[in-house]
Amino acid sequence: MRLTFLFDPLCGWCYGAAPALAWIAQSGAVALDLAPTGLFAGEGGQPMDPAFADYVWQNDQRITDQTGQPFSDAYRALIFRTPGAAFDSAAATLGLVAIGLTRPGRELEGLQALQQARYVAGRDTADRTVVADVLAGAGFAEAAGRLEEPDPELREATRHRIEAAVRMAARFGARGVPALVLADEEGARRLPSGILFGDRDRLAAELRAGSGETP
C-alpha cells in the first residue's frame, strides 16, 4: 500500500498532522509519499499584511487546541512584526523537491525541519536563503546547495510534482490540504483527513479499512 499526503509546507494543519505522519512513517504499515500541491506557492501566496496575519494566527490557535502542536512567540513575531514578509511556499517546496532528488525517501525529515524552523524557531521559510540554511543544518547539504541557485532540473521536477499533486487532488475531490490518498493493487481512494488529528487507534483502523483489511 502507498499513502500519498497532499500538502503545502506553509499549511498550518499540515504541521498539525506532523505527529501522525511520523507515526505512519515509523509504523511501516504503508509507504508514505509526499505530494506538494503548490497551494500557497507563487501566485497562491500573498503578502503577510496585518489582517491576514491575524487570520493565520487565529487559525493556528485552533490547530494547537486540536492537535497540541506549538506555535511559538518567535513565530508570532515573525508573522506580525516582519516588514515585507510574504506567505509563499515556493522556496520551501523547491527545497523539499531538492531533497527528493538528492536524498530520496527523506523528504518527510526535511518537511519536519522546515516546520520546526518556522513554527517553533520563528524563521521565515518563505525566504529561499533561510530554507537553504535550515536544510543544510538538518543534514541536507546537497539539497541546500541546489536551492541556492535552482537549476532547470530542480525547477522542472518541482513543476512536475506540483502538477501531479494537483491532478490527484482534482481526481479525488480534495479541495484543500492536508488530504490523503491510499492506493493498493485494487485501486486508490481518498481517506478522511480528520484521521490525522485523532488517536492512533482510529488512524490505524482507518488505514486497515481503507486497504480492505479486517479491522
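Refer to the structure above for everything that follows.
What comes next is a walk through the structure. Quantities reported herein were computed from a predicted structural model and do not represent experimental measurements. (Residues numbered from 1 in each chain as written. Predicted model: local features only at pLDDT ≥ 70, side-chain atom pairs only at ≥ 80, totals over all residues. Heavy atoms only, no water.)

1. Observations regarding the packing of aromatic side chains
Just so we agree on the cut-off: When the centres of two rings from Phe, Tyr and Trp lie within 6.5 Å, Trp using its six-membered ring, the rings pair. Their planes under 30 degrees apart give stacked, over 60 give edge-to-face, and anything left gives tilted. Helix and strand assignments follow DSSP, with helices taken as H or I runs no shorter than four residues and strands as E runs no shorter than two, numbered in order from the N terminus.
For the structure on display, the rule yields eleven aromatic pairs. Relative to Tyr75, the ring of Trp57 lies with its centre 6.2 Å away and its plane at 35°, an arrangement referred to as tilted. One end of the pair, Trp57, is in helix 3 (residues 50-67); the other, Tyr75, is in helix 4 (residues 73-81), with 18 residues separating them in the sequence. Among the aromatic residues, those joined into a ring-pair cluster are Tyr15, Trp57, Phe71, Tyr75 and Tyr119.

2. Notes on the pattern of salt bridges
Heads up, the rule is: Here, a salt bridge means any side-chain nitrogen of Lys or Arg that lies within 4 Å of a carboxyl oxygen of Asp or Glu. Burial here depends on accessible area, computed with a 1.4 Å probe over protein chains only, as a share of the maximum for the residue type. Under 20% is buried, over 50% is exposed, and the range in between is partly exposed.
Taken as a whole, this structure holds eleven salt bridges when the rule is applied. Of the charged contacts, one joins Asp124 and Arg118 as a salt bridge, the two residues approaching to 3.8 Å between their closest N and O atoms. Judged by its relative accessible area of 2%, Arg118 falls in the buried class. A salt bridge links Arg159 to Glu163; the nearest nitrogen and oxygen atoms lie 2.7 Å apart. In this pair, Arg159 and Glu163 both sit in helix 9 (residues 152-171), four residues apart, roughly one turn of the helix. Taking the relative accessible area as the measure of exposure, Glu163 reaches 34% and is therefore partly exposed. Connected through salt bridges with shared partners, the residues Arg146, Asp151 and Glu153 form a single ionic network.

3. Remarks on the nonpolar core
Filter applied, for reference: As used in this record, nonpolar core signifies buried Ala, Val, Leu, Ile, Met, Phe, Trp, Tyr and Cys residues forming a set joined through side-chain atoms within 4.5 Å. Contact between two residues is taken to exist if any of their heavy atoms lie within 4.5 Å; hydrogens are not considered.
With 51 residues, the main nonpolar core has Leu3, Phe5, Leu6, Leu135 and Leu196 as its most contacted residues. Among the elements that line this core, the one with the most residues is helix 5 (residues 90-102), at seven residues. Every residue in contact with Leu3, bar those within four places of it in the chain, is listed here: Ile24, Val30, Ala31, Leu32, Asp33, Leu180, Val181, Leu182, Leu191 and Leu207. Formed by 15 residues, the second largest nonpolar core is a distinct cluster that contains Met48, Val56, Ile63 and Tyr75.

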